[in-house]
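Geometric and topological summary
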Amino acid sequence: AIASVFGVSIDELFGYNLRETEAAVMEICRASWEYRESDRLKSREILREGLKRFPGNDVLLNNYLYTLDREAETDEIIRIAADLAENAQEEDVRLDALTFLAGAYARRGEYAFAKATVERIPELYFTKLSVAAMCLEGEDKYKAANAQKWICLEMMVDMMRELAVYYQ
């Protein structure tokens, strides 16, 4: 009612600006990415501070999953990933959460839950990068093809490792 009287939105009344929030969240994520590989605890602390500022933010929680110890913090991974898989607004966050969730269930030895979670992930036979590499020209084509090349190489090495585990 107060917002209506003043002719403003509720967001404006409470000083909430979605674009400013998204920009601030991305800045927090960028700061944490800087330490994700070299100092996971520092990366985690940056994200915790961000979550104090933006409680329950899907993007921050998704990034927080990357800082958790996959062996020692399986329960926390499952708790956060399950919530994100059900409630995240952005599809890429939901899909990333499902990946974390399936892996956590597998590490816990809960094969049926891991399999059911994997079934929730859609099968994709192309990526934006691969389509861009095939359809665009010049520098755009080069950037997309180069990025996809490294992703494919890393994935091939991972799959060879998984096949070796299977054959063992």
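Residue positions are given per chain, counting from 1 as you read along its sequence in written order. Under the rules for a predicted model, residues below a pLDDT of 70 receive no local features and side-chain atom pairs below 80 are neither given nor counted, while totals for whole chains, interfaces and linings still include all residues. Think of the side-chain values as coming from all heavy atoms in the structure, minus any hydrogens and water.

What follows is about the nonpolar core. Ranked by internal contacts, the top residues of the largest apolar core, which has 29 residues, are L60, L65, I80 and L84. The numbering of helices and of strands both runs from the N terminus, where a helix is a DSSP run of H or I of at least 4 residues and a strand a run of E of at least 2. Counting only elements with at least two residues in this core, the list comes to α3 (18-33), α4 (40-53), α5 (58-65), α6 (74-87) and α7 (91-107). By residue number, the principal contributor to this core is α7, which donates 7 residues. In this analysis, two residues are considered to be in contact whenever any of their non-hydrogen atoms come within 4.5 Å of each other. Setting aside its immediate chain neighbours within four residues, L65 contacts I77, I80, A81, L84 and F100. In plain words, nonpolar cores are sets of buried Ala, Val, Leu, Ile, Met, Phe, Trp, Tyr and Cys residues tied together by side-chain atoms within 4.5 Å. Note on classification: 1.4 Å probe, protein chains only; a residue is buried when its accessible area is under 20% of the maximum for its type, exposed when over 50%, partly exposed between these limits.

Another point: the packing of α4 against α5. Axes here mean lines fitted to C-alpha atoms, for a helix over just the part in contact, with angles spanning 0 to 180 degrees between N-to-C directions. Taken N-terminus to C-terminus, the directions of α4 and α5 make an angle of 160 degrees; their axes are 10 Å apart at the nearest point. One finds that α4 runs roughly antiparallel with respect to α5. For the pair α4 and α5, the crossing hand works out as left-handed. Only L60, L61, N63 and Y64 of α5 make contact with α4, whose side of the interface consists of R44, L47, R48, G50 and L51. Amino acids outside the nonpolar list (Ala, Val, Leu, Ile, Met, Phe, Trp, Tyr, Cys, Pro) and the charged list (Asp, Glu, Lys, Arg) are all regarded as polar, and Gly is one of them. Tallied by class, residues from the contact of α4 with α5 come to 5 nonpolar, 2 polar and 2 charged. Small angles under 35 degrees read as roughly parallel and large ones over 145 as roughly antiparallel, with 65 to 115 read as roughly perpendicular and the rest as oblique. Here is the rule for handedness: rotate from the far helix to the near one, and if that takes an anticlockwise turn smaller than a right angle the crossing is left-handed, while a clockwise turn gives right-handed.

The next thing to look at is the side chain of T74. Structurally, the position occupied by T74 is in helix α6. Assessed through its relative accessible area of 10%, T74 is described here as buried. As used in this structure description, the phrase polar contact means that two N or O atoms lie within 3.5 Å; if the pair is within protein, one of them must be able to donate a hydrogen and the other to accept it, and residues adjacent in sequence are counted only when both atoms belong to side chains. One polar contact links the side chain of T74 to the main-chain carbonyl oxygen of R70, over a distance of 3.0 Å. Excluding anything up to four places from it in sequence, T74 contacts D69, A104 and R108.

Turning to its location among the elements, K42 is positioned in helix α4. Placed 18 residues apart in sequence, K42 and A24 show a C-alpha to C-alpha distance of 18 Å.

This part covers the layout of surface pockets. A cavity, in this analysis, means grid points on a 1 Å lattice covering only the protein atoms where a 1.4 Å probe fits yet has no way out; a pocket is instead an open set bounded by protein on both sides within 12 Å along at least five of seven lines, and a residue lines either one if it has an atom within 4 Å of a point. Grid points are joined across faces, edges and corners, and a volume is the space filled by probe spheres set on the points. Considering only enclosed or pocket space, the largest pocket measures out at about 2,000 Å³ in volume. As for the largest pocket, its lining consists of 49 residues, and the residues nearest its centre are Y66, D92, L95, D96 and T99. Elements with a contribution of two residues or more to the lining of the largest pocket: α3, α5, α7, α8 (111-119), α9 (128-135) and α10 (138-167). For the lining of the largest pocket, a count of residues per class yields 27 nonpolar, 10 polar and 12 charged.

What follows concerns the side chain of S43. Along the chain, S43 turns up in helix α4. Residue S43 is classed as buried on the basis of its relative accessible area of 1%. The residues contacting S43, other than those within four sequence positions of it, are S32, Y35, R36 and T67.

Our focus in this paragraph is the pattern of salt bridges. The salt bridge criterion pairs a side-chain nitrogen of Lys or Arg with a carboxyl oxygen of Asp or Glu, the two atoms within 4 Å. Applying the stated criterion across every chain, the model contains 8 salt bridges. For E27, the salt bridge goes to R30, with nearest N and O atoms at 3.4 Å. Taken as a pair, E27 and R30 lie in helix α3 at a separation of 3 residues, close to a single helical turn. Classification of E27 by relative accessible area gives partly exposed; the value is 48%.

Before going further, it helps to examine α6. Think of an α-helix as 3.6 residues a turn; residues three or four steps apart then line up on the same face. The terminal C-alpha atoms of α6, which comprises 14 residues, lie 20 Å apart, in line with the 20 Å expected from a rise of 1.5 Å per residue. If you check which residues of α6 are buried, you get T74, I77, I78, I80, A81, L84 and A85. Residues of α6 that are buried in the fold lie against α5 and α7. Under the convention used throughout, the expected extent of a helix is 1.5 Å for every residue step, that is, one less than its residue count.

By themselves, these observations are geometric and do not establish any function.
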